[in-house]
Amino acid sequence: MTTGTLITVAPTGAESAKVEVPALPVTLDELLLTAKECEALGASVVHVHIRDAAAQPTLDQRRLRETVAALRESTDLVVQLSSGGAVSDPEADRLAVLDAAPDMASCTMGTVNFGTDVFLNRWEFIVELHTRMQERGIVPEYEIFDLGHLTSLQRLLGTYGLPAGGHVHVDFVLGVPGGMPGTPAALVAAEQMLRDLPTGTTFSATGVGRSTIPVLLASLSAGGHLRVGMEDTVTYAKGQPVESNMQLVARAVGFAQLAQRPPLTTVEARELLGVPALRR
Ligand code: KMH
Ligand code: ZN
């Protein structure tokens, strides 16, 4: 059944440098402003990477907790912390992200070449992330960079059980150099593999760089949801840098409305993902 569209904004990421992308939100104030404006436009989930005082990626525990608290205070967005961090982050720091008690955290389902780097995700590490999230009631978003990651997810759920909340949601990240390409064919191949996962599994999709629009359109037409943001795309159109995350969210909302799948509210997003409702 096709529903409205879950729109996740990934405003910052760990890859772009503030000096090269001045519009990138890197301070807590910039993140909060972005989150509030993206929520007003139709985003319901925020996928968060934070930066330190020098605008470098960090998994500093104090900053993570402060960020989760501030996002909860100023928005109704589902707060999803990245446990992926940057390619150089140690496993212990990535696991400790869960100590900041977000609503959701990402959980990447396997190792992938990442440009000239390697994004390492050992099986034992994935199991540790999954089981800690189960124990703490944190809902995972399984990040899928390649088709084999879906096979690993099937094995994970078969061996260790369903995630907190009981619903399985995956995010296909296409177009990373080393992962599956940012093409409709790759998206359809990934979507077809969901038949081996629990009934009702949902997916969103992200196309990195210039694959953003083809992946967005393919996802909408295949019944999927959307992730957009400056983590994945810093060029709006040829020769035109992205002005803000709001510009990307507004474009995604426009496409979702054209597809007659308008954005889900934050209440609807929580219901879909199995994240407990807000109690204000
Ligand atoms: N920055 C990438 C190495 C995630 O957030 O979980 C990993 C990433 C995935 O962005
Ligand atoms: Zn991320």
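Quick notes on the rules
Residues numbered from 1 in each chain as written. Chains lettered and ligands numbered in written order. Predicted model: local features only at pLDDT ≥ 70, side-chain atom pairs only at ≥ 80, totals over all residues. Heavy atoms only, no water. Phe/Tyr/Trp six-rings, centres within 6.5 Å; stacked < 30°, edge-to-face > 60°. Lys NZ or Arg CZ within 6 Å of the ring centre and 35° of its normal. Pairing = 2+ DSSP bridges. Helix = DSSP H or I, 4+ residues; strand = E, 2+ residues; numbered from the N terminus. Axes fitted to C-alpha atoms, helices over the stretch in contact; angles between N-to-C directions. Buried < 20%, exposed > 50% of the residue type's maximum accessible area, 1.4 Å probe, protein only. Right-handed = clockwise from strand over helix to strand, strands pointing away. Parallel < 35°, antiparallel > 145°, perpendicular 65-115°, else oblique. Left-handed = near helix turned anticlockwise from the far one by under 90°. Contact = heavy atoms within 4.5 Å. Nonpolar A, V, L, I, M, F, W, Y, C, P; charged D, E, K, R; others polar. Near = heavy atom within 4 Å. Polar contact = N/O pair within 3.5 Å; in protein donor to acceptor, adjacent residues only side chain to side chain.

A.B. asks: Residues and numbers for the packing of aromatic side chains, please.
C.D. replies: Enumeration over the complete set of coordinates arrives at 4 aromatic pairs. Within the aromatic cluster, the residues linked to one another by ring pairs are Phe 114, Phe 119 and Phe 145. The ring centre of Trp 123 lies 3.8 Å from the NZ or CZ of Arg 155, which sits over that ring. Directly above the aromatic system of Tyr 236 lies the positively charged group of Arg 251, at a separation of 4.1 Å from the ring centroid.

A.B. asks: So, the sheet that holds strand β6 (residues 104-108): which residues are in play, and what are the values?
C.D. replies: The sheet built from 8 strands closes into a barrel, its strands ordered β1-β2-β5-β6-β9-β10-β11-β12 with parallel pairing. In this sheet, adjacent strand axes meet at a mean angle of 25° when their direction is disregarded. Direction of pairing for strand β9 (residues 139-144) relative to strand β10 (residues 169-174): parallel, over a ladder of 3 bridges. Within β10, the position partnered with Glu 143 by the bridge is Asp 171.

A.B. asks: Please provide a residue-by-residue account of the pairing of β10, values included.
C.D. replies: Remember that side chains alternate between the two faces of the sheet whenever the strand is regular. Across the 6 residues that make up β10, a large majority, 6, are buried. Residues His 169, Asp 171 and Val 173 line one face of β10 and the alternating positions Val 170, Phe 172 and Leu 174 line the opposite face, and both faces are buried. A crossover connection joins β9 to the parallel β10 through helix α5 (residues 147-160); in handedness this β-α-β unit is right-handed. Examined bridge by bridge, β10 and strand β11 (residues 202-207) share 6 bridges and lie parallel to one another. Bridging from a neighbouring strand, His 169 pairs with Thr 202 of β11. For the crossover that starts at β10, traverses helix α6 (residues 184-193) and ends in the parallel β11, the hand is right-handed.

A.B. asks: Please give an account of the packing of α5 against α6 that cites residues and values.
C.D. replies: At a minimum axis distance of 10 Å, the contact between α5 and α6 shows a crossing angle of 15°. As judged from the angle between their axes, α5 and α6 are roughly parallel. For the pair α5 and α6, the sense of crossing is right-handed. For the pair formed by α5 and α6, the contact residues are Leu 147, Leu 150 and Thr 151 on the first element and Ala 189, Ala 190 and Met 193 on the second.

A.B. asks: Please provide a residue-by-residue account of the packing of helix α7 (residues 212-221) against helix α8 (residues 245-258), values included.
C.D. replies: Interaxial distance between α7 and α8 falls to 10 Å at its minimum, and their mutual angle equals 35°. Judged by the twist between their axes, the crossing of α7 over α8 is right-handed. Here α7 contributes Thr 212, Ile 213, Leu 216, Leu 217 and Leu 220 to the contact with α8, which in turn contributes Arg 251, Ala 252, Phe 255 and Ala 256. Residue classes in the contact of α7 with α8 are distributed as 7 nonpolar, 1 polar and 1 charged.

A.B. asks: Describe the site of ligand 1, naming the residues involved and giving the relevant values.
C.D. replies: Around ligand 1 sit Glu 15, His 47, His 49, Ser 82, Gly 84, Gly 85, Val 87, Ser 106, Thr 108, Phe 114, Phe 119 and Glu 231, and that is every residue in its neighbourhood. At a separation of 2.8 Å, a nitrogen atom of ligand 1 approaches a polar side-chain atom of Glu 15. At 3.0 Å, a side-chain N or O of His 47 approaches an oxygen atom of ligand 1. Of the residues assigned to the shell around ligand 1, the class counts are 3 nonpolar, 7 polar and 2 charged.

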